[in-house]
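# Fold and geometry: a report
Chain by chain, the residues run as shown.
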Amino acid sequence: MELCRSVFEMSGEIIPIQIERGPELYILNILECMNGLDYENTVWDYYGDGTKGRILEYAFHKERIINESTIFKIPETVNIDIFCFANTKDREDEFYHIYHDNGLTGLLFEEMK
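Read on for an overview of the structure. (Residues numbered from 1 in each chain as written. Predicted model: local features only at pLDDT ≥ 70, side-chain atom pairs only at ≥ 80, totals over all residues. Heavy atoms only, no water.)

## Thoughts on the layout of surface pockets
- Its boundaries defined by the atoms lining it, the largest pocket holds a volume of some 1,000 Å³.
- Forming the walls of the largest pocket are 31 residues, and the residues nearest its centre are F83, C84, F85, E110 and M112.
- For the lining of the largest pocket, the secondary structure elements donating two or more residues are β2 (25–30), β4 (52–57), α2 (62–65), β5 (71–72), β6 (83–84) and α3 (95–101).
- The element best represented in the lining of the largest pocket is β4, accounting for three residues.
- By residue class, the composition of the lining of the largest pocket is 23 nonpolar, two polar and six charged. (1 Å grid on protein atoms, 1.4 Å probe; cavity = no way out; pocket = protein on both sides within 12 Å on 5 of 7 lines; lining within 4 Å. Points joined across faces, edges and corners; volume = space filled by probe spheres on them. Helix = DSSP H or I, 4+ residues; strand = E, 2+ residues; numbered from the N terminus. Nonpolar A, V, L, I, M, F, W, Y, C, P; charged D, E, K, R; others polar.)

## Some details on the pattern of salt bridges
- Under the definition given, this model contains four salt bridges.
- A salt bridge links R5 to E9; its shortest N-O distance comes to 3.7 Å. With R5 and E9 both in helix α1 (residues 5–11) and four residues apart, this pair spans about one turn of that helix.
- Residue E9 is classed as partly exposed on the basis of its relative accessible area of 47%.
- With a shortest N-O distance of 3.8 Å, R54 and D45 are connected by a salt bridge.
- Accessibility expressed as a relative area gives 31% for D45, which makes it partly exposed.
- One continuous salt-bridge network, built from bridges that share partners, spans E2, R5 and E9. (Salt bridge = Lys/Arg side-chain N within 4 Å of Asp/Glu carboxyl O. Buried < 20%, exposed > 50% of the residue type's maximum accessible area, 1.4 Å probe, protein only.)

Interpretation note: all reported values are geometric properties and have no functional meaning in isolation.
This is how it looks when you write it as structure tokens:
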């Protein structure tokens, strides 16, 4: 937790979970929400009536998502997806690199364009 505290604090709120026994646990509630989806280049699934459904392939306006926080959500999938970006700041300031450089496990990362 301490490895990621500053990055987590920039992206949302850290909520401790109280349990009787076991390790200290926390929930990260991501509050950072950026309007960065590139609608024209995003690939959508469409419903039978022609309206847009779920996103099949994301495309972003990169100039919009570079922010202080490297962990964020987008309005279109705020209840589903969490994103992070890398290689724009120092490694120790980016969640992706902190995670991998310190041998943390349990998350899956998928590269987006």
